[in-house]
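Chain by chain, the residues:
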Amino acid sequence: KLPRKPVVCIHGENTSIVDYSEAEERLQENTTLKEWGETHPEIAESEAVKRAAYLGNQAGIPTYLVHVSCKGSIEELKKE
């Protein structure tokens, strides 16, 4: 039994999208910030944020996003 209601902490990123992007780019170990950004597209974050917000609302569990870094994520949160 928990002393208070838990909060789920989420790092909003769809790893399947990132994995696919990284495979497409065939990145080597040392990458530039630009290359990293190309393999972490905005949709990878905004989709995960949308999913986390939806599931948190459905379960009635407070959800904390550790950071939001793109416009698409903010737009999804406005809908929820």
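One can find the structure itself at the top, above this paragraph.
Scoring rules and cut-offs
Numbers given to residues run from 1 along each chain, matching the order in which its sequence is written. It should be noted that, the model being predicted, local features are given only for residues of pLDDT at least 70 and side-chain atom pairs only at 80 or more, the latter also being counted only at that level, while totals for whole chains, interfaces and linings use all residues. Water and hydrogen atoms were dropped before computing side-chain values, which therefore reflect all heavy atoms in the structure. Each helix is a run of H or I in the DSSP string that is no shorter than four residues. Each strand is a run of E no shorter than two, and both are numbered from the N terminus. Burial classification: accessible surface area is computed with a 1.4 Å probe over protein chains only, and a residue below 20% of its type maximum counts as buried, one above 50% as exposed, and the rest as partly exposed. Here, two residues are considered to be in contact whenever any of their heavy atoms come within 4.5 Å of each other. Only the protein chains shown count as covering a residue, and every accessible area follows the Shrake-Rupley method with a 1.4 Å probe. All axes are obtained by fitting lines to C-alpha atoms, using only the stretch in contact for helices, and the reported angles, taken between N-to-C directions, cover 0 to 180 degrees. Small angles under 35 degrees read as roughly parallel and large ones over 145 as roughly antiparallel, with 65 to 115 read as roughly perpendicular and the rest as oblique. Crossings are classed by handedness, with left-handed meaning an anticlockwise turn of the near helix from the far one by less than a right angle and right-handed meaning a clockwise turn. Ten residues, namely Ala, Val, Leu, Ile, Met, Phe, Trp, Tyr, Cys and Pro, are considered nonpolar, four, namely Asp, Glu, Lys and Arg, are considered charged, and the remaining ones, Gly among them, are considered polar. Note that the arc is defined by the directions from the helix axis to the C-beta atoms.

## Some remarks on the overall build of the chain
Now for step 1: Tallying secondary structure elements over the chain gives four helices and two strands in all.
Now for step 2: Shown N-terminal to C-terminal, the secondary structure of the chain runs as helices and strands in the order β-α-α-α-β-α.
Now for step 3: Looking at the chain residue by residue over its 80 residues, the buried ones come to 24%.
Now for step 4: A separation threshold of at least 6 residues defines the contact pool for the chain, and within that pool the share at least 24 residues apart is 71%.
Now for step 5: When the accessible area of the chain is evaluated, it comes to approximately 6200 Å², of which 53% is carbon and sulfur surface.

## Observations regarding the packing of helix α3 (residues 42-59) against helix α4 (residues 71-79)
Now for step 1: Interaxial distance between α3 and α4 falls to 8 Å at its minimum, and their mutual angle equals 20°. Taken as axis vectors, α3 and α4 run roughly parallel relative to one another. Both α3 and α4 take part in a crossing whose hand is right-handed. On the side of α3, the interface is formed by Glu42, Glu45, Ser46, Val49, Lys50 and Ala53, while α4 contributes Lys71, Gly72, Ser73, Glu76 and Leu77.
Now for step 2: When grouped by side-chain class, the residues that make up the contact of α3 with α4 number three nonpolar, three polar and five charged.

## Quick word on the environment of Tyr64
Now for step 1: Following the sequence through the fold, Tyr64 ends up in strand β2 (residues 63-65).
Now for step 2: Taking relative accessible area as the criterion, Tyr64 reaches 46% and is therefore assigned partly exposed.
Now for step 3: As a C-alpha pair, Tyr64 and His11 span 53 residues in sequence and 8.8 Å in three-dimensional space.
Now for step 4: Among residues more than four places away in sequence, those in contact with Tyr64 are Val7, Val8, Cys9 and Ile10.

## Focus on α4
Now for step 1: Every buried residue of α4 is listed here: Gly72, Ser73 and Glu76. For α4, the buried positions fall inside an angular range of 100° around the axis, keeping them on one side. In α4, the exposed residues that point more than 90 degrees away from the buried face are Lys71 and Lys78.
Now for step 2: As for α4, its buried residues are in contact with α3.

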